[in-house]
Structure formats: structure tokens, C-alpha cells
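Fold and geometry: a report
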Amino acid sequence: MGATTAIVLSSSRAVHKLLHLRSANTSDRPSIHFNNITTGGLNLILSPYNSTWKSMRRVVKDMLTHDACMASLPIQRAEATQLMFDLLEAPQAYYTHIRRYTNSVILAIVFGIRCARYEGTIVDEFYEVQRLWADNLEPGALPPIDVVPLLRYLPERWASWKGLSREIRKRQRNLYFRLVDRSRRRIQEDRRNGCFMERVLDHQEQYKLSDEVLAYTGGTVLDAGSDTSAAFLQSFMFCLVASPEVQTRAHREINEVVGRDRSPRFEDFENLPYLDAIIKEVNVMTLHQDDMLIRFRSTDSDLLPQRGSLISPYRMKLLMVIQFQKAV
Ligand code: HEM
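Residues numbered from 1 in each chain as written. Predicted model: local features only at pLDDT ≥ 70, side-chain atom pairs only at ≥ 80, totals over all residues.

As annotated in an unreviewed UniProt entry, the protein chain carries the name Cytochrome P450 and comes from Meripilus lineatus. Turning to the protein chain, the UniProt record has this under Cofactor (unreviewed entry): "heme". Turning to the protein chain, the UniProt annotation filed under Subcellular location (unreviewed entry) states: "Membrane". (UniProt positions renumbered as here; feature names shortened; annotations may be inferred.)

Below is the structure:
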């Protein structure tokens, strides 16, 4: 934080007000150089407000409505069934089973492609590049190129992150463009399967989306939903193993409400308050992984004393630090 002024908010009501009720003014992002050179600023989650961000967000919003989520339930159910089978067959590979599940759900919803296996498939290819991408976005992974812009001009022999950025860019683009092409080819060959990308392609002109923006919009959703959901499920499993008494109680609740002949369905959820509570508890424990990465920037000088103040939510809605410093 250096010599900047910082305010720490420890009232959940105040944090809720700023991050939720005034979110339009407090959800901009500071510029991240590594994101700019790797994605050309086209990662929806990490990029600052601008006209491209707006059109990408308009597209994604349609995908995340309540109705769209409910329509994707059969895909989620089918993939969850395979996940349970895989876990029973080869429990030692739980880590990759979960990763396959979360990535395949989103691949199927967005691009109409599912991956029944991990090794040698798109899932494998995605997580391989995602590892490089996410590792280098972590605070401290790179020299402070956002705080000391001069470092960006170091020759490559002292700045290995430049070559890494090129490698990630090449691999991400290769994957994202290929996925969009497969949807486009299905439309041309009259083999639609109703995935989200087909609908976006139908309205590409109306949305005024270039092929590049389209590819990154789909790619960002893969990026946003795969690792996050996998990390949650892996933590959830870990917590249940570490707390057998909680596991037994949740199991008993499922047996009482759902019975032993079928898996729980979405409609059962309101009758499973204990399960609901432990899911929320694990969510609170795992959410701060994203807090480390995602920082917000204010666009309003009425709300906070200085426009461009950086906002670092720690454990979303519980505590946050506001830094009065114009972002670089
Ligand atoms: C446990 C799982 C997940 C966690 C912890 C998580 C976390 C987050 C966080 C912290 C943000 C930033 C919110 C903000 O700007 O205030 C975000 C945004 C986003 N997430 Fe997730 N996410 C999860 C699952 C998913 C899934 C499954 C999808 C897609 C199917 C998804 C798609 C997105 C998108 C598109 C955005 C950007 C939304 C926007 O800018 O309006 N996320 N997520």
C-alpha cells in the first residue's frame, strides 16, 4: 500500500452498500498489464469498463439469467451422474474427475461439446493453459509491473514473463477460436445442438461482435466457471472428509428427504437446510481465493473521495480496504 491513504471498512453493512447497492460505481477493474498483453484486454472478468467490455457483458448476461441456468440443468445432472460414477470407480483421481466435470458442464452449455474423459481432451488442454494463466495472475507471481511501469521495458532475458505471456496468448487463442469454429461449422452443416454460442453467432451482427471478441467471451466463461467451481467442490469434499460428523448428518438429511433410490434434485434443495448451510459455509471459506485476484476500482467521486480508488474486498462483503490512489 506504500504511502497511499487506506480506509478499512469492517462493517458488513457498509461493505454491502458499496459493493452491492452501488456496484455500478464500484465494480470497474484496474488495468492489469499481464492481462492486457496476454488477452489484449479481452478477459471480461479482469478488464476495465469500456465499450468492448459492455458488449461482452451483454452477451454473457443472457447466459446467466435464471431461466438459462434452469435450462442447463439436464446437462449438469448428466455430468454429475458421470462424476459420481467416476468417483466410485477411481476415487484416487477425484481431483481430475471434479475438474473434468466442471469444465465439461460449461463446454457443453457454451460450445455444445462435452468431454467424457480428462486425458487428451479439450479439458486437459484447457487446464494446462489455465494453470500457466492463473499462476501468473497470482499476486507476487510476477515483478510489480503494474506498480512500476518501467519494469515493462526490461529486455526479455530479464523478463521471462514476456515469453510466457506470448505462449499463453497463443494457446488460449488456439483453443477459443477452434471452439467457436466448431459451433459455426455445426450451424453451416445444419447440425445445431442448441448451445449458447450458436445463438450468439446467430446475433453476431446485431451484437456487433468481432470473431475475436466472440472467442474471448466464450473463453472467459470457461475460464470463470471451471477452476472456481472445481476449487469449491474439491474444498467441499475435503471439508466433509475432515469432518465426518458433518458428513454423517448431511447424509442422514439426504436419506430422509430424498430417500435412497435417487440423487437429490434441484427441487429438493429447499428441504435440505443442513446441506444448504454447509455449502454456504464452504463457499465463504473458498471465496477469498478470488478476492486475492479481483480488485475493483471506483468510477465515482461522489461515493469515495477519489475517482479511481482501488477497492480490495477481503472475504467478499465482510471486510474491505480502499486505497486512494489512481490506478496505473
Ligand atoms: C464457486 C464457483 C464460482 C465462484 C467462487 C465465482 C466467483 C466470481 C467472482 C468473485 C466474480 C467477480 C464478481 C464481481 O465482479 O463482482 C465472478 C464473475 C463472473 N463469473 Fe463467477 N464464480 C463461480 C462460478 C462461475 C460459473 C460456473 C460461471 C459460468 C458458468 C461463472 C461466470 C462468471 C462470469 C461470466 C463473471 C463476470 C460477470 C460480470 O462481469 O458481470 N462463474 N465470479
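That was the structure; now back to the text.
Turning our attention to the nonpolar core. Formed by 31 residues in total, the largest nonpolar core has its most connected members in Ile106, Ile109, Val110 and Met197. The set of elements that each furnish at least two residues to this core consists of α4 (51-63), α7 (94-111), α8 (122-137), α9 (160-188), α10 (196-202) and α12 (211-242). In terms of residue count, α7 provides more of this core than any other element does, nine residues in total. If we skip the residues at most four places from it in the chain, Ile109 touches Ser72, Ile75, Cys195 and Phe196. With five residues, the next largest nonpolar core counts Phe34, Leu46, Ile145 and Trp161 among its residues. (Core = buried A, V, L, I, M, F, W, Y, C linked by C-beta atoms within 7 Å. Buried ≥ 20, exposed ≤ 12 C-beta atoms within 10 Å, placed from the backbone. Helix = DSSP H or I, 4+ residues; strand = E, 2+ residues; numbered from the N terminus. Contact = placed C-beta atoms within 7 Å.)

A word on the packing of α8 against α9. Viewed as axis vectors pointing N to C, α8 and α9 meet at an angle of 145 degrees, and their least axial separation amounts to 10 Å. Helix-helix and strand crossings are classified by hand; for α8 and α9 the assignment is left-handed. Where α8 abuts α9, its residues Glu125, Phe126, Val129, Leu132, Trp133 and Asn136 lie against Trp161, Leu164, Ile168, Arg171, Gln172 and Leu175. (Axes fitted to C-alpha atoms, helices over the stretch in contact; angles between N-to-C directions. Left-handed = near helix turned anticlockwise from the far one by under 90°.)

Between α4 and α12, whose axes approach to 10 Å, the crossing angle comes to 50 degrees. The angle between α4 and α12 places the two elements in the oblique class. Between α4 and α12 the crossing geometry is right-handed. In this structure, α4 contributes Thr52, Ser55, Met56, Val59, Val60 and Met63 to the contact, and α12 contributes Val213, Thr217 and Val221. (Parallel < 35°, antiparallel > 145°, perpendicular 65-115°, else oblique.)

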